[in-house]
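Structure at a glance
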Amino acid sequence: GNHAAALALAAKTLDCPAYIVVPEGAPQCKLDAIETYGGRITRCAATVSDREATCARLRQQTGATFIPPYDHPDVIAGQGTIGMEILRQCTRPIDAIFVPVGGGGLIAGIAAYVKRLRPDILVIGVEPKGANAMYRSLKDGGQVCRGLRLGSRV
């Protein structure tokens, strides 16, 4: 949602198209933001395999470059700038930073930056009880996405 809206805005700023793949069940407010920024939405089923297949098809049809929402070093580094902002702007001592866990890129980026400069600060991932794929992945010893076991890598 937020990554997709940011991509749509960046593409609008650069005057190029943004093809955004959105799984079923995405919140309307996220869809509205993507469309406001000129993103071209393609819906798909809410499974990893459907998203990957839809992205591959769009890349083939349009020649567009795939920009993953969380699992790419450049995306993680960009999300790490939030950690930089927290450390620069917070005037009181920081014991912990709580970060929502979705795909993992946001927490990876924030933790990489913060822990490098301030290893004493705890970086704690949080997720809703009904969407706790990271918790279940760590507990079960394999990657879990929306209740489906995806394999043995985490």
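Structure's up top.
So, here is what we can say about the structure in this document.

Criteria and thresholds
- Residues numbered from 1 in each chain as written.
- Predicted model: local features only at pLDDT ≥ 70, side-chain atom pairs only at ≥ 80, totals over all residues.
- Heavy atoms only, no water.
- Helix = DSSP H or I, 4+ residues; strand = E, 2+ residues; numbered from the N terminus.
- Buried < 20%, exposed > 50% of the residue type's maximum accessible area, 1.4 Å probe, protein only.
- Salt bridge = Lys/Arg side-chain N within 4 Å of Asp/Glu carboxyl O.
- Core = buried A, V, L, I, M, F, W, Y, C linked by side-chain atoms within 4.5 Å.
- Contact = heavy atoms within 4.5 Å.
- Pairing = 2+ DSSP bridges.
- Right-handed = clockwise from strand over helix to strand, strands pointing away.
- Expected span 1.5 Å × (residues − 1).
- Arc of directions from axis to C-beta.
- Axes fitted to C-alpha atoms, helices over the stretch in contact; angles between N-to-C directions.
- Parallel < 35°, antiparallel > 145°, perpendicular 65-115°, else oblique.
- Left-handed = near helix turned anticlockwise from the far one by under 90°.
- Nonpolar A, V, L, I, M, F, W, Y, C, P; charged D, E, K, R; others polar.

Before going further, it helps to spend a moment on the overall build of the protein. Helices and strands together make up the secondary structure of the protein, namely six helices and six strands. Traced from its N-terminal end to its C-terminal end, the protein shows the element sequence α-β-α-β-α-α-β-α-β-α-β-β. For the protein, the C-alpha atoms occupy an extent of roughly 50 × 40 × 25 Å along the three principal directions. Within the protein, the fraction of its 154 residues that count as buried is 24%.

The next subject is the pattern of salt bridges. When their charged atoms lie close together, side chains carrying opposite charge are able to pair. Applying the stated criterion across every chain, the model contains one salt bridge. Of the charged contacts in the structure, one is a salt bridge between Arg-118 and Asp-120, with a shortest N-O distance of 3.0 Å.

As a further point, take unusual backbone geometry. In this structure, Asp-15 takes a positive phi of about 55 degrees despite not being glycine. Note that Asp-15 resides in the loop between helix H1 (2-13) and strand S1 (19-23).

So, about the nonpolar core. Judged by nonpolar contacts, Ala-4, Ala-5, Ala-8, Ala-11, Ala-18, Ile-20, Val-22, Leu-31 and Ile-34 together constitute the single largest core of nine residues. Going through the elements one at a time, H1, S1 and helix H2 (28-36) are the ones with two or more residues in this core. Residue contributions to this core peak at four residues, all from H1. Once you skip the residues sitting within four places of it in the chain, Ile-20 turns out to touch Ala-4, Leu-7, Ile-34, Gly-39, Arg-40, Ile-41 and Thr-42.

Attention now goes to the environment of Arg-136. Relative to the helices and strands, Arg-136 is located in helix H6 (residues 133-140). Residue class for Arg-136 comes out partly exposed when judged on its relative accessible area of 22%. C-alpha separation for the pair Arg-136 and Thr-36, spaced 100 residues apart in sequence, amounts to 35 Å.

In this section: the pairing of strand S4 (residues 122-126). When strand S3 (residues 96-100) meets S4, the two strands line up parallel, connected through five bridges. Its bridge partner lying in S4, Val-99 is registered against Gly-125. Regarding topology, helix H5 (residues 105-117) serves as the crossover connection from S3 to the parallel S4, and that connection is right-handed.

It is worth spelling out helix H4 (residues 73-89) at this point. With 17 residues, H4 extends 25 Å from end C-alpha to end C-alpha; this agrees with the ideal 24 Å at 1.5 Å per step. Those residues of H4 not exposed but buried are Val-75, Gln-79, Gly-80 and Gly-83. The buried residues of H4 all sit within an arc of 140 degrees when viewed along its axis, so they share a single face. Seen from the open side of H4, the exposed residues pointing more than 90 degrees away from its buried face are Pro-73, Asp-74, Ala-77, Arg-88 and Gln-89. Buried residues along H4 sit in contact with H1 and H5.

Right, let's talk about the packing of H4 against H5 for a bit. At a closest axis distance of 7 Å, the pairing of H4 and H5 adopts a crossing angle of 50 degrees. When the axis of H4 is compared with that of H5, the two are oblique. Between H4 and H5 lies a crossing of right-handed hand. Touching Ile-76, Gln-79, Gly-80, Ile-82, Gly-83, Met-84 and Leu-87 of H4 are Gly-105, Leu-106, Ala-108, Gly-109, Ile-110, Tyr-113, Val-114 and Leu-117, all from H5. A breakdown of the residues in the contact of H4 with H5 according to their chemical character gives 10 nonpolar, five polar and no charged.

Worth remembering: the numbers are spatial, not functional.
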